[in-house]
Amino acid sequence: MFNCFEGFELLGGHPCILTTQDIHLGTNESTADTARVLSGLTDLILTRVYNQSTIKELAKEASVPVINGLSDLYHPIQILADFLTLQEHYGYLNGLTVSWIGDGNNVLHSFMMMAAKLGVHLRIATPKGYEPDASVTREAEKLSKEVGYVLFCLPMKSARGSNVLVTDTWISMGLEEEKEQKLKDFHGYQITMQTGKVAAPDWTFLHCLPRKQEEVDDEVFYSQRSLLFPEAENRKWTIMGLMVSLITEYTPQTPKPRFLSMEKREQ
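Residues numbered from 1 in each chain as written. Predicted model: local features only at pLDDT ≥ 70, side-chain atom pairs only at ≥ 80, totals over all residues. Heavy atoms only, no water.

- In the annotation of an unreviewed UniProt entry, the entry for the protein chain reads ornithine carbamoyltransferase, and the organism field reads Huso huso.
- Quoted verbatim from the Sequence similarities (unreviewed entry) field of the UniProt record, the comment on the protein chain reads "Belongs to the aspartate/ornithine carbamoyltransferase superfamily. OTCase family."
- Per UniProt, the comment on the protein chain under Pathway (unreviewed entry) is "Nitrogen metabolism; urea cycle; L-citrulline from L-ornithine and carbamoyl phosphate: step 1/1." (UniProt positions renumbered as here; feature names shortened; annotations may be inferred.)

As structure tokens, this is what we get:
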């Protein structure tokens, strides 16, 4: 969350951080009441919680904008940074193929919601039992009828011909007791240069951090294929842009990127 607070300060704002030591959301005071109180004290609420339903209630009851900083179902601000990074690197988004190899988690869910809207083809490889949420999958399938597609397949099949290989942590914070079982279940899902051999010649790698060795080896992680450090930096720029757009009448000073496919750009 450092990028969010630093970004807000750079914009001239004054961030106030409420941790679990400061506020017990929905315990001593209802989530609805907290939303109303914070609306009177702040111009913007950015929240990282477990349940997506908590964010929905905050957004419903608050009179100021509420940003989903992370929930069990989605991680939208991460995906803003990811697609900005890809736009900067490739110069376009429409027509790119992204392969997700790993857990069917909140980051993947946000990829699924945004990829089709930008014309990005998304392939998904998850171990059995770790597929993305069924409701998210149904919504993604509706979106992908017009543009992009969602495909569940094995890691090497997913990676074949892909421009971007993506993974995320397999063991979330607070769920360390799952590590031993997950390492068994995710055997063969580590991204390596061997995975990249079947990808497109221009393939790159993304990971939202923090990263573990079993998810991607050092050879890929620290290679020129890896875009993860620009990706990490872009968390700051994208959240700043989002906050500015929500609380001001700001008009961008630079032209909006044209999300065209390579084929259209060459015409």
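There is more to say after this.
**Topic: helix 5 (residues 106-115)**
Link 1 in the chain: Most of helix 5 is tucked away: 9 of the 10 residues are buried.
Link 2 in the chain: If you check which residues of helix 5 are buried, you get Asn-106, Val-107, Leu-108, His-109, Ser-110, Phe-111, Met-112, Met-113 and Ala-115.
Link 3 in the chain: Residue Asn-105 occupies the N-cap position of helix 5, its side-chain oxygen lying 3.2 Å from the main-chain nitrogen of Val-107. (Buried < 20%, exposed > 50% of the residue type's maximum accessible area, 1.4 Å probe, protein only. Helix = DSSP H or I, 4+ residues; strand = E, 2+ residues; numbered from the N terminus. Polar contact = N/O pair within 3.5 Å; in protein donor to acceptor, adjacent residues only side chain to side chain.)

**Quick look at the UniProt feature "domain: Aspartate/ornithine carbamoyltransferase carbamoyl-P binding" (unreviewed entry) in the protein chain**
Link 1 in the chain: UniProt's feature table lists "domain: Aspartate/ornithine carbamoyltransferase carbamoyl-P binding" (unreviewed entry) at residues 8-88, given in the numbering used throughout.
Link 2 in the chain: Here residues 8-88 is 46% helix and 11% strand, with 23 Å between the C-alpha atoms at its ends.

**A look at the nonpolar core**
Link 1 in the chain: Counting 27 residues, the largest nonpolar core has Phe-83, Leu-86, Val-98, Phe-111 and Leu-122 as its most contacted members.
Link 2 in the chain: Those elements that provide at least two residues to this core are helix 4 (76-90), strand 3 (97-101), helix 5, strand 4 (121-125), helix 6 (134-143) and strand 6 (164-167).
Link 3 in the chain: Contact partners of Leu-86, with chain neighbours within four places excluded, come to Gly-91, Tyr-92, Leu-93, Leu-96, Val-98, Val-164, Thr-204, Leu-206 and Leu-227.
Link 4 in the chain: Core analysis: the second largest hydrophobic core is formed by 18 residues, Ala-125, Phe-205, Phe-221 and Leu-228 among them. (Core = buried A, V, L, I, M, F, W, Y, C linked by side-chain atoms within 4.5 Å. Contact = heavy atoms within 4.5 Å.)

**Remarks on the side chain of Asp-168**
Link 1 in the chain: Within the element layout of this structure, Asp-168 appears in the loop between strand 6 and helix 8 (179-185).
Link 2 in the chain: No salt bridge forms around the buried Asp-168; measuring N to O, its nearest opposite-charge neighbour Lys-212 is 9.0 Å away.
Link 3 in the chain: Engagement of the side chain of Asp-168 in a polar contact is seen with the side chain of Asn-105, the distance being 2.8 Å.
Link 4 in the chain: Excluding its chain neighbours within four sequence positions, the residues that come into contact with Asp-168 are Trp-100, Asn-105, Val-107, His-207, Cys-208 and Glu-215. (Lys, Arg positive; Asp, Glu negative; His and termini not counted. Salt bridge = Lys/Arg side-chain N within 4 Å of Asp/Glu carboxyl O.)

**Thoughts on the pairing of strand 3**
Link 1 in the chain: In terms of residue burial, strand 3 counts as a mostly covered element, since 5 of its 5 residues are buried.
Link 2 in the chain: Neither face of strand 3 is exposed, since Thr-97, Ser-99 and Ile-101 on one face and Val-98 and Trp-100 on the opposite face are all buried.
Link 3 in the chain: The pairing of strand 3 with strand 4 spans 5 bridges and is classified as parallel. The residue bridging Trp-100 from the neighbouring strand is Ile-124, located in strand 4.
Link 4 in the chain: This β-α-β element, strand 3 to helix 5 to strand 4, shows right-handed connectivity.
Link 5 in the chain: With 3 bridges connecting them, strand 3 and strand 6 associate as parallel partners. Counted as the bridge partner of Ser-99 is Leu-165 from strand 6. (Pairing = 2+ DSSP bridges. Right-handed = clockwise from strand over helix to strand, strands pointing away.)

**Brief notes about the pattern of salt bridges**
If the charged atoms of two oppositely charged side chains come close together, the side chains can form a pair.
Link 1 in the chain: Scanning the entire structure with this criterion turns up 6 salt bridges.
Link 2 in the chain: With its nearest N and O atoms 3.8 Å apart, the salt bridge here joins Lys-236 to Glu-6. Of the two residues, Lys-236 is situated in helix 11 (residues 228-247) and Glu-6 in helix 1 (residues 2-10); the sequence distance between them amounts to 230 residues.
Link 3 in the chain: Residue classification places Lys-236 among the buried residues on the basis of a relative accessible area of 16%.
Link 4 in the chain: Judged by its relative accessible area of 26%, Glu-6 is partly exposed.
Link 5 in the chain: Close ionic contact of Asp-218 with Arg-211 constitutes a salt bridge, the shortest N to O distance being 2.5 Å.
Link 6 in the chain: Linked by salt bridges that have partners in common, Asp-33, Arg-36 and Glu-61 make up one network.

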